[in-house]
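In case you want the letters, here they are:
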Amino acid sequence: MLSHPKFEQVDIRKIPELLIEAQTFKHIETGAKHIHLSTDDYDNGFLVAIRTPPFDNSGVFHILEHTVLCGSKKFPIKSPLQVMANQSVSTFMNAFTGPDWTAFVFCSHNKKDFKNLLEVYLDSVFHARLTPLDFAQEGHRLEFSSLNDQQSPLIRKGVVLNEMKGAMSDPFDSHWEVIKSFLFENSPYTFNSGGEPNEIIHLTHEALLETYNKYYHPSNAVFFTYGSIPAIQHQQWLEELLLSRFNFQKPISPALPQIRYSKPIKKSIGNYLSNTTPSKNNTVSVSFSWLLGDSSSLTDILQAELISYLLLDARDAPVKSLIEKSTHITNLSELSGMDSACRDTIFVIAFDEVNPNDIELLEKDLFNEISEFKNKTFEATSIARALSHIEIERRSIDDAFLPVGVTVMMDMLPSSLYDDSSPLVSDTNYAIKELYQKSLNGNFIQSLLEKMILNNNHRLRLSYQHSENILKEDLKNLQLIKASLSESQKKYILDYPEKVKSYEMLFSKTLIELPKITINDLIKNTPLLASKEIIDDPITLNIGRTNGLVYQQVIIDASKLPLQLQEILKLYSSYLQFFYHSSSLNQVSSACSLDISTSIKVFPNLNKDDGVCIYFVLSGKALERDYKELDNNLDSYFFSAEFKFNEKIQSYLRHAQYEIELNLIQGAHMHTLSAASTVFSHKEHLSHNWYGFSAYRRIKNLNTETCETSNKLKDLIVKFKEIHDFLTEKNNNVHLIASEQFIDKVDLKYYKHWRKNPVTHDKKVSNYQYQCFNQPTSKLWIHPVPVQFCAKVFPTVGVKHPDFTPLLVLGKVLQNGFLNQAIREKEAAYGSGASQEWSVSSFRFYSYRDPRFTDTLNDFDRSIEWFLNEKYDKSILEDAKLRAFVDWSQTSTAIPTLQNIFIEQRAGLSHSVKKNIQSKIESITLEDLKRVVTTYLKPSKGYISVLGGNTIKKEAKLHKFETEEL
């Protein structure tokens, strides 16, 4: 292993399960740590992380994460990274604010592009300009609601301010922040690193600059690189572009482990600063939280993961037993589980919708169940199953849509910041085997339960009631602030829009050429990546980076289900877990852990250019050695189901309503787009009924009806049985993703049992054609949220139509040329954009966490006018074509991406279709774009949907919106 002369080698370790060699270096002059994760992956990654333990709730590090990307010394232009995003082939670009760190990340499979991005990232992070206008845009500012009228009310704007208003309106996020604030005393983790909205507004530009100068230095940073580019090349670039200009500066001390409490604490919060849905029947969420071991110790983390699995997920888990026996709780909260993002690992057991009068009894019952569980004998197979589950989760580094490099670097980041040792890269296989041996000896697990849970005094019981209250400061205090403004202060506020315009004009005249690549660099050098494929009907096997796991999907075509059954297919999928015989799984699954899930996929039917393809997907993953058990369990899970009524199903229905209600905010952006499209799209009609506003209404009504009588639920179970009978009679496709080594060991004939003989029956199947409504609609969905989510959608054409490709490029032009500046930068929405969506055959405008409503909808229309009538730099077209080309290039080998591609291909979105789209992009002209604009994007023809609070109800009625309360 070679290193640059300015770096010294500190450590080298192999991580066999990840196929990575971790090489740790130290820059001699600055002391900066460089960790190179050497592997044969061509999608090279970079991450620089700054130690930023928060010292208050002002969100200063979150605002810095945004503002350092607004122009730098070498690239003094507005938003250089936004420009780079448009003229780069990166597979990932983003930045994150963690509990005690701030990270800036990118990946690219093109070496020239990687170097370009590295140059801009390093200058942006360590030589940021941080102007007052950047702070006002990204952080917070005051404006008059009518820009030129100082008699109009004062309002607050700011991208981070609106982002955190949206985040803290989520009961899950707000509850978590309260838990953290009580578990950590006199610690950085007691603060919300993202910022509390009522404290963000007190941060000054001077404080921002002071914090940046203190924290943003290479000596206080860790540099990660990942992939096939060797460490010495990265170090040469780092030295040339950055490190040669810096001397050593004493780094910020990392957060220390929390001093432990002498006795458990109990807290009750009923009015936390968030805007959430009303609590049902005056119930509360109740959480029991513990601090466990050091999150930088692999031994401590594995022990915590073992205890978490045994208490929450094992078949005989005491929390499952409690839920089965209890009459006052229905299900676990999503908060439950282990979190190792802070220096000390946090473990939470939480329940939603608990009667406050039952809290004491709940606590007593919970600890009784855990105590009884502790006294049992832990069989070797149970321990092996638990550790198998942990090993699967640790091997699943690419079990996400993120590039593999991003997942690995982010996983190793926290521990790398705590001291000068290597990151958490110990051999997990060895550590798990060692833990298994310890678990077999004496009372090891019993002693862990006593130490970590039963006798752990650093414990919090929190009863948390979600509040409807929004930032009360906004109305009363803003009125007081306005009354106290001097004439010069009013003038400063009035002059802000003009200052922004001058600022932008200055940048537009600044002749700074950012490094870039062009579409011509890619056309000959970026073939569509296809994973190696082996087909033996009904099995398709892809070879991928699975790190010793096998992933299996069983895909069942549900397209011919009658519409009324299609609409409840997602409910059926969710409920299936209550109807299978768990004993059938116990018999085949002894010491192996298997993760089984179900999902629904919907795509337009490109094979017939008509209708949709609906697939019910049964999925699982296991260690390669357990592939037969995985297949057996998928079979048993599906075919052993018996649809009989039981009381727990009704309890789950109440919890399902609560989960959908939580997701109304988390998924509001997509739900709003779906609601706008449902009147003309069969796919979005189903999505709206499965996940969106209509799903919430449906399950809410069902809950009301089943509280009065169980007949409705019994009728629903009868329909579930109809769906199940339909699906079990269908032939199935099996999709496997595994390593090349697995291919040599497995006999694909083992999976032939999934291909069944055709069944002849008299049941009718649906030839239903979805009825579209041609009359555009405008609808406001009212829900207590502090910001808006806006969508305007135009029906257009499918992926095989010649106009599809111009529309694809048009979306990039409108987003990057107009919408980002008009809606995000000027008006402080967290995000906005436009795109041609192939799966819905529509062109979509959107904004999310947006302080505005009808003005944003007007900006959607203004972007069309801008494109047709204004003069703009023609390079915007070339950049748009580049990003469109990249979007339709298959460059990711992440497991979910490969799984999704397989199903898309069943619906007709083949490699040849994608290649055909790519081939047309280069020849697209401005005239092509103007033609499709005038053809498809007539403002009066758009379908509009908005999610917002009661505060915009009057505005909606004024503009003749239909309104509906959720």
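Residues numbered from 1 in each chain as written. Predicted model: local features only at pLDDT ≥ 70, side-chain atom pairs only at ≥ 80, totals over all residues. Heavy atoms only, no water.

1. Quick word on the overall build of the protein chain
Across its full length, the protein chain carries 36 helices and 26 strands. In the protein chain, buried positions account for 60% of the 966 residues. Sequence-distant contacts in the protein chain: of pairs separated by 6 or more residues, those separated by 24 or more amount to 81%. Within the structure as shown, the protein chain displays about 38600 Å² of accessible surface, and the carbon and sulfur contribution to it stands at 49%. (Helix = DSSP H or I, 4+ residues; strand = E, 2+ residues; numbered from the N terminus. Buried < 20%, exposed > 50% of the residue type's maximum accessible area, 1.4 Å probe, protein only. Contact = heavy atoms within 4.5 Å. Areas by Shrake-Rupley, 256 points an atom, 1.4 Å probe, with all protein chains shown as cover.)

2. Quick look at the confidence of the model for the protein chain
Per-residue confidence for the protein chain averages 85 on the pLDDT scale, and 89% of its residues sit at or above 70. The secondary structure element of the protein chain with the lowest average pLDDT is helix 22 (residues 582–588), at 47, and the one with the highest is helix 8 (residues 205–215), at 97. The low-confidence segment residues 271–279 (pLDDT under 50) makes 46 contacts with residues lying over four places distant or belonging to another chain. Long-range and interchain partners of residues 759–765, a stretch whose pLDDT sits below 50, account for six contacts in this model, where long-range means more than four residues apart. (pLDDT = per-residue confidence, 0-100.)

3. Brief notes about the packing of helix 3 (residues 111–126) against helix 9 (residues 231–241)
In the contact formed by helix 3 and helix 9, the axes pass within 10 Å of each other and the chain directions differ by 35°. The way helix 3 lies across helix 9 gives a crossing that is right-handed. Note on element contacts: helix 9 touches helix 3 through Q233, H234, W237, L238 and L241, opposite K111, F114, K115, L118, E119 and L122. Of the residues assigned to the contact of helix 3 with helix 9, the class counts are six nonpolar, two polar and three charged. (Axes fitted to C-alpha atoms, helices over the stretch in contact; angles between N-to-C directions. Left-handed = near helix turned anticlockwise from the far one by under 90°. Nonpolar A, V, L, I, M, F, W, Y, C, P; charged D, E, K, R; others polar.)

4. Some thoughts on the nonpolar core
By size, the foremost hydrophobic cluster in this structure holds 68 residues, and its most contacted members are L569, Y572, I614, F720, L727 and Y751. The residue makeup of this core includes at least three contributed by each of domain 3 (534–754) and domain 4 (778–965). Here I614 is in contact with I556, D557, A558, S559, Q566, L569, I600, K601, V602, L686 and W690, once residues within four sequence places are set aside. Residues F845, F902, I921 and A956 belong to the second largest nonpolar core, which totals 60 residues. (Core = buried A, V, L, I, M, F, W, Y, C linked by side-chain atoms within 4.5 Å. Domains from an automatic or database assignment.)

5. As for the pattern of salt bridges
Inspection of the entire model under this criterion finds 38 salt bridges. Between D344 and R260 there is a salt bridge, with its nearest N and O atoms 2.7 Å apart. Taken together, the positions of D344 in strand 13 (residues 344–354) and R260 in the loop between helix 9 and strand 10 (265–269) put the pair 84 residues apart, joining distant regions of the chain. Assessed through its relative accessible area of 2%, D344 is described here as buried. For the salt bridge of D725 with K721, the shortest nitrogen-to-oxygen distance reads 3.0 Å. Within this pair, D725 and its partner K721 are both found in helix 28 (residues 711–728), separated by four residues, close to a single helical turn. With relative accessibility at 37%, the residue K721 sits in the partly exposed group. A network of salt bridges, in which partner residues are shared, links K266, E360, E363, R459 and R461. (Salt bridge = Lys/Arg side-chain N within 4 Å of Asp/Glu carboxyl O.)

6. Considering the sheet that holds strand 17 (residues 549–557)
Taken in spatial order, the six strands line up as 15-16-20-17-19-18 in an open sheet, and their pairing is mixed. The open sheet has two edge strands, strand 15 (533–536) and strand 18 (595–604), and neither has a second partner. Neighbour-to-neighbour, the strand axes of the sheet open up by a mean angle of 20°, direction not taken into account. Inspection of the sheet shows strand 18 paired to strand 19 (residues 612–623) by ten bridges, in the antiparallel sense. Bridge assignment links S597 to a residue of strand 19, and that residue is S619. The strands touched by helix 33 (residues 895–906) within the sheet are strand 15, strand 16 (539–543), strand 17, strand 18, strand 19 and strand 20 (732–738), with strand 20 carrying the most contacts at an inclination of about 150°. (Pairing = 2+ DSSP bridges.)

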